[in-house]
Amino acid sequence: MKFKYRIKIMAAIHINKDEFLKKVWNYEESPNEWKFEGDKSAIVDFYASWCGPCKMLSPILDELSDEYAGKVDIYKVDTGQEMELSDAFNIRSIPTLLFCPKDGQPQIMQGALPKASLKDFIDKNLL
């Protein structure tokens, strides 16, 4: 008897400005005060399709999205498509990761960080 299993792998979710305002922070309504809109902690990856380090980071974020499914949302923002959103965060270097705890202030890190470092940061600051 043969069984076919289908394994669902979660991937980072691509979002635009409107979705960002609903799921992360509505900086138009409260520009001077951080108010996280999500129901669980999140990571936002500001990236570009042509960026080598971004391409290296992408599968790691997909793996983390799968490993932390239901605990941490992982979003991706294409800086070429979402220039206004990138400008709102003064994104000048990519990849840039915005770590958003459910409670508390966000933190930004730049560069293609290794998976172990990301997991450590998630475990200590987002869970």
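Preceding this section is the structure that the text describes.
Only a predicted model underlies this, so the values are computations on that prediction, with no experimental measurement involved.

A. A look at the overall build of the chain. Helix and strand content of the chain: four helices and five strands. Ordered by position in the sequence, the α and β elements of the chain form the string β-α-β-α-β-α-β-β-α. At 15 Å, the chain has a C-alpha radius of gyration in line with the 14 Å of a compact globule built from 127 residues. Projected onto its principal axes, the C-alpha positions of the chain cover 60 × 30 × 25 Å. In the chain, which comprises 127 residues, the proportion classed as buried is 43%. As presented, the chain carries roughly 7800 Å² of accessible surface, and 51% of it is formed by carbon and sulfur atoms. Placing the 17 positive and 20 negative side-chain charges of the chain at their respective mean positions leaves the two points 9 Å apart.

B. A look at the sheet that holds strand E4 (residues 96-100). Ordered in space as E1-E3-E2-E4-E5, the five strands form an open sheet in which the pairing is mixed. The open sheet is flanked by strand E1 (13-14) and strand E5 (107-110), the only strands paired with a single partner. By the bridge criterion, six bridges tie strand E2 (residues 42-47) to strand E3 (residues 73-78) in an arrangement that is parallel. Considered in E3, the bridge of Phe46 is made with Val77. Across the face of the sheet, helix H2 (residues 52-67) comes into contact with E2, E3 and E4 while running at roughly 155° to E3.

C. The pairing of E4, seen in detail. Taken across its five residues, E4 has five buried, putting it largely inside the fold. Residues Thr96, Leu98 and Cys100 point to one face of E4 and Leu97 and Phe99 to the other, with burial holding for every one of them. Sheet topology note: the E2/E4 ladder contains five bridges and is antiparallel. Within E4, the residue paired with Val44 across the bridge is Leu98. Note: E4 against E5, four bridges, orientation antiparallel. Bridging from a neighbouring strand, Leu98 pairs with Ile108 of E5.

D. Quick peek at H2. Here H2 is 16 residues long and its end C-alpha atoms lie 24 Å apart, about the 22 Å a rise of 1.5 Å per residue gives. Roughly 25° is the biggest bend found in H2, and it falls at Ser58, with proline Pro59 one to four residues downstream. Where H2 is concerned, the buried positions are Cys54, Leu57, Ile60, Leu61, Leu64 and Ser65.

E. Expanded view of helix H4 (residues 115-125). Those residues of H4 that fall on the buried side of the exposure criterion are Leu118, Phe121 and Ile122. Burial along H4 is one-sided: seen end-on, the buried residues are contained in an arc of 100°. In H4, the exposed positions that point more than 90 degrees away from the buried face belong to Ala116 and Lys124.

Definitions and limits used
Residues numbered from 1 in each chain as written. Predicted model: local features only at pLDDT ≥ 70, side-chain atom pairs only at ≥ 80, totals over all residues. Heavy atoms only, no water. Helix = DSSP H or I, 4+ residues; strand = E, 2+ residues; numbered from the N terminus. Rg over C-alpha atoms; globule rule 2.2 N^0.38 Å. Buried < 20%, exposed > 50% of the residue type's maximum accessible area, 1.4 Å probe, protein only. Areas by Shrake-Rupley, 256 points an atom, 1.4 Å probe, with all protein chains shown as cover. Lys, Arg positive; Asp, Glu negative; His and termini not counted. Charge placed at Lys NZ, Arg CZ, Asp CG, Glu CD. Pairing = 2+ DSSP bridges. Contact = heavy atoms within 4.5 Å. Axes fitted to C-alpha atoms, helices over the stretch in contact; angles between N-to-C directions. Expected span 1.5 Å × (residues − 1). Bend = angle between axes of the 7 residues up to and from the residue. Arc of directions from axis to C-beta.

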